[in-house]
Structure formats: structure tokens, C-alpha cells
Amino acid sequence: MSFPLIFERSRKGRRGLKLVKAVPKAEDLIPKEHLREVPPRLPEVDELTLVRHYTGLSRRQVGVDTTFYPLGSCTMKYNPKLHEEAARLFADLHPYQDPGTAQGALRLMWELGEYLKALTGMDAITLEPAAGAHGELTGILIIRAYHEDRGEGRTRRVVLVPDSAHGSNPATASMAGYQVREIPSGPEGEVDLEALKRELGPHVAALMLTNPNTLGLFERRIMEISRLCKEAGVQLYYDGANLNAIMGWARPGDMGFDVVHLNLHKTFTVPHGGGGPGSGPVGVKAHLAPYLPVPLVAKGEEGFYLDFHRPKSIGRVRSFYGNFLALVRAWAYIRTLGLEGLKKAAALAVLNARYLKELLKEKGYRVPYDGPSMHEFVAQPPQGFRALDLAKGLLELGFHPPTVYFPLIVKEALMVEPTETEAKETLEAFAEAMGELLKKPKEWLENAPYTTPVRRLDELRANKRPKLTYFDEG
């Protein structure tokens, strides 16, 4: 059944609302030079048509509220609706209002910062960055400012990145003006220590790591890695994408990391996907604190305030003070669970991943780096099967597929992260579906899915020649 676009539902003259007469006209508020000469081509529909349109769209989407979503490295876990209620309490807050009238919001931000510092072992934090990759860029810019302040900005021009790293790591370092050098993984899936030793030196600014890494394995030699970096004057950066595996159990700061970014929209159940909004706070050790973005939320004798007086700051990285309602949700999550609840969530994430890994191995899948898994693992299908075809087949069987073809060091990779919020029965049903796919004829897999709202797409064309606008030719 075809699903018409909102423009195709449009009929000239139809209205879904009526503005009260008290609403001023645009030309009375906006200078003439900024007004449109031609009105925007917006769809014209009544309220019922609009409601049915968006309700219909929601039924066509796959999300964590309706479907198991084992997207490796993205921690697509359930978001308690209580946190939405908490965010709604602040819906009328305005970023331009005087801080004296927003003490509750500032207190919440300050408390959240204290919680995140305690969980990561950092000394100072900014809540400003809007997402994980934005937090990465902020962290690397802080490191750059630190080296420049010490007179080493011209010599330390290299950032080291493992071959299993998230793609945003080398992209971030490159955007910050650094050369990127890749560190290979050893046979057990962890950083090759000897290769790292050969690369370290006075030319290196930072090493970017996530722990556990993208193979779902904990870097057991992290303290030695940290020691080597410290001896070489290299800053150790923690990609917080996988913090869900260790929150409450281990702290990046205790491992020797100097900078950490967090993904509140992953680890602390802020709604994830659809382009945002996310939140990527950055924590730092004391020697990097002067370079944090402005403003910081501070606590004084007369209450909470925004501290702009930071002469070594890298400046603003986001309008206002970050995505505030995402911070409210994360604060509510932490306060609801407490430390013991956070530890239990991490433990269940690890337990679910290990259980599901064993189930898939029984079904015929291989795990090339089969060490003690943390929150996720990377599997391979048997020879002759393509990860892409299996992903499309899973859609036909009612499951969102895992991440495919990442990390790049595993051929036909299936990167699976079940998270802590899924029940044992769900994991078993997913494993059964994965096993069923291996029994399907090759032709069936190559043409799946069959009953989804949209059949298999030309992904190359969609990527290279996307159609992003609708033009009414009538």
C-alpha cells in the first residue's frame, strides 16, 4: 500500500488551526530585508489529515519502543517515560532568561555534572556539546589548546587511533587539524602494544581509545598504555560510546584517561536516533580544566551562575548551554537508579551480550575475537552468507538488524549490542530468527525484505543521489 507524502495530501485553502487576532504580523516584527519575497510552499491540510499522516508514519518506523534494536555500538535501550515527564516540567524555560530566575535548571545541570564527574573520575566537565562526535571534537580542541599553551602546538601534530575505532575518531582528529595514524589490533582484538610503542613520541598529541573497544573487549593493558602515553607527554582520550558496559564499575579517570566524552543519548537513556537532539558532555582532568568551553555552570555563595570568565577557554562550542532537556532526562535516569542501579544496568548489559553471543554461536555464527565479551560482540555469518542480506532478512522477520560491516577489521561483521533492557525471551527469539535465516534459500535472502513498507533500496544511489525535496509540478 502506497503512503502519500504530506504534499500529496495537501488541498488549497485547507487549514488545521486558526491564529488568534492578537498574533502580530511577520512584517511588524521582522525587518523588510529579511522577509521572504515569495511565501514558502507549505502543505495545506486539516488537523485530522495531519494527525493521521504522522500517526501513519510512526507505524511505519522501527524503534526501540516497538522492536528489539540490537544496533552494535549505539546502545539503543528503552527510555523510561518517567524521564519524558521530567523534561516536560522545564518545557517553558527560555535560554535568554536571567540566571536568577532559572536556579532550578542551573542546579540540575550542576548536579548532573557532579554525578558525571564521579562516574568517570574526571575533575571538571562541560555539558555544552550536542552529541558524541561533537564532544569528541570539543575534547580534541581542548587537547590542542593545552599543547599550544605549553609551546608544543607546532610539534605535536599527530593523533593515534586504533584500527577498530569508531569512524568519528579519525574524522574528529582530522577536523581539528591533526594527522591521523592507525594503530593495529593484536591477535586478541586489543591494541597492539608494540605497534603503539613505535608510534609514540614528541610528535604525538593524543591517543583516542574506547574501553571496552568496538569488538566488545576490555583493553586489559590499559594501565600500561596509560603509562606509556604519560611518559611521552601524550594525552589519553576516552571515547565514551561504550561506557554502558562499565558505568559504576570502572572509571576512565582511574585508567589514566585525561579527557572523556559521554553520550547521554546512549548511556543515560535520552531518546536516541532520528537526528537528535543528543548530548555529549566532556570531562577533563584538572590540567585541562582551564580550556573547557564557556560558560560553565558554577556554584557561588548566592546560588548557581554561568561562569564566562575563563581566559584560556576554547570558547563556545554550542549555542546557549547544550541541549538542556536531554540533560534533564539523564539527571532523572541517574537519580532514579542510583549507583547500585547503574552498576546493575551495566552488569545486565554484559550478561545479555554474553548470553546472546553463545546462542548465535550455537546457530552457526562465528565470533573471530572470542574473548570475554562486555556489552557487545562482533559475529560473522558462515561462509557464503553476506551480512547485508542477513540484515535485510531480519527486517522481514520483524527484527531491526545489528550494525553491519563495522568494525572494518572483521569481514562481513555483525556487531550486536542487546543492552540491559531486553528480556531473555527476546534474546532467544532473535537468535532463533538468526538461525532461521541460515536455512533460507540464497535467492530469498538476496531479495528480502518482502512485506516491509519499502522493499530493498538502492543504497548506493540513495547515498550518492538523495532526493531531499518534494516539488509539486501541478
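These figures come from a predicted structure and were not determined experimentally.

*Asks:* What's the story with the side chain of His261 in this structure? I'm lost.
*Replies:* Topologically, His261 is positioned in strand β6 (residues 259-262). His261 sits in the buried class, given a relative accessible area of 1%. A distance of 3.0 Å separates a polar atom in the side chain of His261 from a polar atom in the side chain of Asn263. Setting aside residues no more than four positions away along its own chain, His261 makes contact with Gly132, Gly135, Glu136, Tyr237, Tyr238, Asp239, Gly240, Ala241, Pro281 and Val282.

*Asks:* Help me out: how do you make sense of the packing of aromatic side chains in this one?
*Replies:* Within a pair of aromatic rings, the relevant descriptors are the distance that separates the centres and the angle that separates the planes. One pass over the structure, following the stated rule, counts 11 aromatic pairs. Both rings, one in Phe68 and one in Phe430, keep their centres 5.1 Å apart while their planes meet at 85°; by these two values the pair is edge-to-face. Here Phe68 is found in the loop between α3 (47-60) and α4 (81-88), whereas its partner Phe430 is found in helix α14 (residues 424-437), with 362 residues between them in sequence. With a relative accessible area of 5%, Phe68 lands in the buried category.

*Asks:* What should I look at first to understand the nonpolar core in this one?
*Replies:* In a soluble, globular protein the nonpolar side chains are often hidden away together inside. Counting residues in each nonpolar core, the largest one holds 58 residues, and the members touching the most others are Leu116, Leu196, Leu207, Ile225, Leu264 and Phe268. With 12 residues, helix α12 (residues 324-362) is the single largest residue contributor to this core. Once residues within four sequence positions are removed from consideration, Leu116 is found in contact with Ile125, Leu127, Leu262, Leu264, Phe268, Pro281 and Ile334. Membership of the second largest hydrophobic core comes to 25 residues, among which are Leu359, Leu438, Trp444 and Leu445.

*Asks:* Please clarify how α14 should be interpreted in this entry.
*Replies:* Each α-helix winds once per 3.6 residues, and so residues spaced three or four apart point in a common direction. Over its 14 residues, α14 runs 20 Å from end to end, which matches the ideal 20 Å to within 8%, given 1.5 Å per residue. Buried within α14 are the following residues: Leu427, Phe430, Ala431, Ala433, Met434, Gly435 and Leu437. Buried residues along α14 sit against α12, α13 (387-396), β12 (414-416) and α15 (442-447).

*Asks:* Whenever I open this one, the UniProt feature "domain: Glycine dehydrogenase C-terminal" (unreviewed entry) in the protein chain confuses me. Can you help?
*Replies:* Cross-referencing UniProt, the feature "domain: Glycine dehydrogenase C-terminal" (unreviewed entry) maps to residues 345-439 in the present numbering. The distance separating the terminal C-alpha atoms of residues 345-439 is 35 Å; by composition the span is 44% helix and 8% strand.

*Asks:* Is there a simple way to think about the domain arrangement of the protein chain in this case?
*Replies:* Along its sequence, the protein chain is organised into domain 1 (6-59), domain 2 (81-336) and domain 3 (347-460). A C-alpha centroid distance of 43 Å is found between domain 1 and domain 3.

*Asks:* Just to check I follow, could you spell out the pattern of salt bridges for this structure?
*Replies:* Overall, the coordinates contain 31 salt bridges when judged by the stated rule. Two residues, Arg310 and Asp307, come together in a salt bridge whose shortest N-O distance is 3.7 Å. Note that Asp389 is salt-bridged to Arg456, the shortest N-O span being 3.0 Å. Of this pair, Asp389 sits in helix α13 while Arg456 sits in the loop between α15 and α16 (459-464), and the two are 67 residues apart along the sequence.

*Asks:* How should the sheet that holds strand β5 (residues 235-240) be read in this particular structure?
*Replies:* Hydrogen bonds between backbone atoms are what pair the strands of a sheet, whose relative direction is either parallel or antiparallel. Strand order across the open sheet formed by 7 strands is β1-β7-β6-β5-β4-β2-β3, with mixed pairing between neighbours. Bordering the open sheet on either side are β1 (124-126) and β3 (179-183), each of which pairs with just one other strand. Shown here is a sheet whose adjacent strand axes are inclined to one another by a mean of 20°, direction ignored. In the sheet, strand β2 (residues 158-162) pairs with β3 via 5 bridges, with the strands oriented parallel. In the sheet register, Leu160 faces β3, and the bridge partner there is Arg181. Packed onto the sheet, helix α5 (residues 103-120) meets β1 and β6 and runs at close to 125° relative to β1. Packed onto the sheet, helix α6 (residues 132-149) meets β4 (204-209), β5, β6 and β7 (282-284) and runs at close to 170° relative to β5.

Calculation rules
Residues numbered from 1 in each chain as written. Predicted model: local features only at pLDDT ≥ 70, side-chain atom pairs only at ≥ 80, totals over all residues. Heavy atoms only, no water. Helix = DSSP H or I, 4+ residues; strand = E, 2+ residues; numbered from the N terminus. Buried < 20%, exposed > 50% of the residue type's maximum accessible area, 1.4 Å probe, protein only. Polar contact = N/O pair within 3.5 Å; in protein donor to acceptor, adjacent residues only side chain to side chain. Contact = heavy atoms within 4.5 Å. Phe/Tyr/Trp six-rings, centres within 6.5 Å; stacked < 30°, edge-to-face > 60°. Core = buried A, V, L, I, M, F, W, Y, C linked by side-chain atoms within 4.5 Å. Expected span 1.5 Å × (residues − 1). UniProt positions renumbered as here; feature names shortened; annotations may be inferred. Domains from an automatic or database assignment. Salt bridge = Lys/Arg side-chain N within 4 Å of Asp/Glu carboxyl O. Pairing = 2+ DSSP bridges. Axes fitted to C-alpha atoms, helices over the stretch in contact; angles between N-to-C directions.

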